[in-house]
Every structure is written in C-alpha cells, then in structure tokens.
Amino acid sequence: MAQPSAEQGEDYDYESLPPNFSLVQNMAAGAFAGIAEHTVMYPIDAIKTRMQLLNTTSNTAHSGVLHSTYQMASREGFFSLWRGMSSVIVGAGPAHAVYFATYEAVKHAMGGNQVGVHHPLAAVTSGAAATIASDAFMNPFDVIKQRMQIQDSSKMYRSMVDCAKFVYRNEGIGAFYISYPTTLSMTVPFTALQFLAYESISTAMNPEKEYDPLTHCVAGAVAGGFAAGLTTPMDVIKTILQTRGTSSDPQVRNVNGFLGGCQLLYHREGLRGFFKGVRPRVVTTMPSTAICWSAYEFSKAYFIKRNDSP
C-alpha cells in the first residue's frame with residue numbers, strides 16, 4: 001500500500017484514486033495497457049478475423065487456429081500475421097486512455113473504491129460507460145485493422161493511411177461507423193461482464209486491494225475469457241459489417257446493420273455460424289486482458305509510488 005506524503009496528512013488506499021494520481025497519469029497508464037494488450041496477441045486476432053469472414057473461399061481455408069496460422073504464414077509470409085497492427089497501435093493508446101479515465105471516474109463517483117466492500121453495480125456501470133466512450137474513438141481504427149487482416153489486402157492497401165483513404169473514397173465516412181451499434185452490442189455486455197468478474201475475483205483474492213501482480217493477472221485472464229466466449233456472436237456480426245466492402249458476394253456487400261447480418265449469417269451457416277472464431281477469440285482475450293490489467297495496475301502503482309517520493 002502506498003504511504004502518504006507529509007503534505008497529505010492522511011492515508012489512502014491504492015484503489016481509491018488518491019489526489020496525487022492525476023487524470024493525465026491515469027490516461028497514460030490506460031494507453032500503455034491498451035497498446036500492450038493488443039500488440040502481443042495480434043496474430044491470433046488476425047486468424048480470428050479470417051475465420052469469421054462470411055465468404056466461402058476464406059472460410060474453408062481457415063478452420064482452426066494452428067492450421068490457419070501455418071497457412072497464412074506460409075502463403076502470405078510470416079509478417080502477414082501482423083499486417084494492420086499499426087492501426088491498433090495508433091488507435092489503442094488514446095482509446096484505452098479514454099477507457100480507463102472514464103472507468104475510474106464513474107467507479108469513483110458511484111462509490112466503487114471503498115476498501116473491503118464489493119460494488120457490482122459500480123463495476124458494471126463504470127465498465128459500460130468506459131466502453132461507449134472508447135469505442136466511439138476506436139471504431140474507425142478497428143475497421144482499418146480488419147480490412148488489412150483479410151487475404152490479399154496487401155494488393156489493395158499499402159499502409160493504414162492508404163486503407164483509410166480507400167474506404168472513405170469508395171464507401172464514405174459511414175463505413176467507419178456502420179458497425180458501431182453492433183460493436184456496442186458486443187463490447188458493452190463484454191465489458192460489463194469482464195469488469196464484474198474482474199472486480200469480484202480481484203476482491204476475493206485481494207480484499208485489501210493492494211497492488212498484487214498475480215491477482216491482476218489471474219483476475220484479468222479469467223474475466224476476459226469468460227466475457228469473450230459469451231459475446232462471440234456479436235463479434236462475428238461486427239466482422240461481417242466491417243469487412244463487407246471487400247467481399248465479392250453481393251448479399252454480404254448489401255448487409256446494412258446488425259439484424260441484416262444476423263439474418264444472412266443464420267441463413268448461410270445456422271446457429272453454429274454465430275460462434276465462428278470462438279476459440280481464437282478466447283485464446284486471444286485471456287492473455288490480452290491479463291496483460292491489459294497487469295500493465296494498467298503496474299502503471300497506476302508506479303505513478304502513485306513516484307508521486308509519493310520526496
């Protein structure tokens with residue numbers, strides 16, 4: 001637990017957003033966590049995108065994580081697994097800064113930082129509010145990322161900026177946000193479930209709410225995997241909407257929203273289609289959320305300790 005400085009005159013808990021932990025530092029911690037989370041597991045995310053495409057020529061080629069990884073690396077080169085990561089790096093930092101700043105502000109306002117007391121409503125509400133704010137910023141970058149992850153994208157886009165220009169020129173500004181309502185239908189329950197599980201597990205493992213790397217890592221991984229599995233159907237629809245402009249299938253290109261995507265997916269592949277890519281999604285999300293929470297809590301503890309130094 002951090003020790004108070006002479007000027008403060010009173011102790012505070014690590015989790016309680018002390019006055020010497022500024023908004024800028026909180027956002028910096030969130031930005032670091034976001035970049036760390038997305039870059040480490042990026043290749044598996046690329047495989048997930050390939051598996052979720054509603055395109056028969058792609059779906060038959062990408063049916064398993066290891067097999068798909070080998071095929072993608074051997075046919076398109078090893079570094080194709082990281083194609084589009086620049087979009088994530090540019091977008092994830094600011095988006096996660098907004099995410100954690102909103103999370104901490106709402107959680108603090110609802111009394112969710114009281115030591116020894118579990119506040120599930122505060123955890124759920126702060127998680128949902130954080131997601132709505134950060135996804136508004138991140139959605140265009142996510143569209144660019146998934147466009148660059150599809151097969152033969154290197155023949156269409158030379159860079160992240162080139163991809164953004166191509167999408168805007170051919171499909172308009174709406175293409176960057178057509179999946180936003182669907183994204184929220186996935187990320188709001190995902191984040192609410194994740195934050196609820198994370199706060200519950202971390203409180204049970206660490207009731208004093210001191211900085212504990214093992215607690216943050218385990219709680220983050222379990223919470224992330226749990227939430228990822230339950231929200232996979234919305235993730236599949238999001239992928240369809242964000243990549244529809246690259247499809248040669250007229251029915252896919254004409255999908256204009258969540259319901260249209262659900263109807264087409266069910267017609268083509270039945271209920272099983274809604275869980276395409278569930279394994280790489282869980283495999284990606286568990287270590288990603290463990291890294292994200294660990295990086296965020298480490299940064300948070302670092303700033304608090306540094307601010308306490310004379």
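This structure is a prediction, so every number in the text was calculated from the model and none was measured.

*Asks:* Give me the lowdown on the overall build of the protein chain, citing residues and values where you can.
*Replies:* In terms of regular secondary structure, the protein chain is built from 13 helices and zero strands. Reading the helices (α) and strands (β) of the protein chain from amino to carboxyl end gives α-α-α-α-α-α-α-α-α-α-α-α-α. The burial tally for the protein chain puts 56% of its 310 residues in the buried class. At a minimum sequence separation of 6, the contacts of the protein chain that also span at least 24 residues come to 76%. As presented, the protein chain carries roughly 13,700 Å² of accessible surface, and 66% of it is formed by carbon and sulfur atoms.

*Asks:* So what's going on with the confidence of the model for the protein chain? Which residues, and what values?
*Replies:* In regions of low pLDDT, the predicted coordinates are not meant to be interpreted in detail. Averaged over the protein chain, the pLDDT score is 80; the fraction of residues at 70 or greater is 86%. Mean pLDDT across the elements of the protein chain bottoms out in helix 3 (residues 56-59) (46) and peaks in helix 12 (residues 258-269) (93). Scored below 50 in pLDDT, residues 1-20 makes 47 contacts in the model with residues more than four places away or belonging to other chains. Note on residues 56-61: pLDDT is under 50 here. Beyond four places in sequence and across chains, it has 14 contacts.

*Asks:* Summarise the environment of Pro94; cite the residues concerned and give the values.
*Replies:* With respect to the secondary-structure elements, Pro94 resides in helix 5 (residues 85-109). Judged by relative accessible area, Pro94 falls into the partly exposed class, the value being 35%. Sequence separation between Pro94 and Gly34 is 60 residues; the distance between their C-alpha atoms is 8.5 Å.

*Asks:* Residue-level account of the environment of Met160, with values.
*Replies:* Position of Met160 among the secondary structure elements: in helix 7 (residues 160-171). As a C-alpha pair, Met160 and Lys145 span 15 residues in sequence and 7.9 Å in three-dimensional space. Aside from chain neighbours lying at most four places away, what touches Met160 is Ser86, Ser87, Val90, Ile144 and Met148.

*Asks:* Describe the environment of Gly225, with residues and values.
*Replies:* Position of Gly225 among the secondary structure elements: in helix 9 (residues 213-230). We classify Gly225 as buried; its relative accessible area is 11%. Spatially, the C-alpha atom of Gly225 lies 8.5 Å from that of Thr284, the residues being 59 residues apart in sequence. Setting aside anything within four residues of it in sequence, one finds Gly225 in contact with Val282, Thr285 and Met286.

*Asks:* Outline the nonpolar core, supporting the account with residue identities and numerical values.
*Replies:* Residues Ala33, Phe100, Tyr103, Trp293 and Tyr296 are the most contacted members of the largest nonpolar core, which totals 17 residues. At the level of elements, helix 1 (23-40), helix 5, helix 8 (180-205), helix 9 and helix 13 (278-308) are the ones that each hand at least two residues to this core. Ranked by the residues each element gives to this core, the list is headed by helix 13, at five residues. Within the second largest apolar cluster, eleven residues are counted, among which are Leu241, Val255, Leu264 and Phe274.

What counts and how
- Residues numbered from 1 in each chain as written.
- Predicted model: local features only at pLDDT ≥ 70, side-chain atom pairs only at ≥ 80, totals over all residues.
- Heavy atoms only, no water.
- Helix = DSSP H or I, 4+ residues; strand = E, 2+ residues; numbered from the N terminus.
- Buried < 20%, exposed > 50% of the residue type's maximum accessible area, 1.4 Å probe, protein only.
- Contact = heavy atoms within 4.5 Å.
- Areas by Shrake-Rupley, 256 points an atom, 1.4 Å probe, with all protein chains shown as cover.
- pLDDT = per-residue confidence, 0-100.
- Core = buried A, V, L, I, M, F, W, Y, C linked by side-chain atoms within 4.5 Å.

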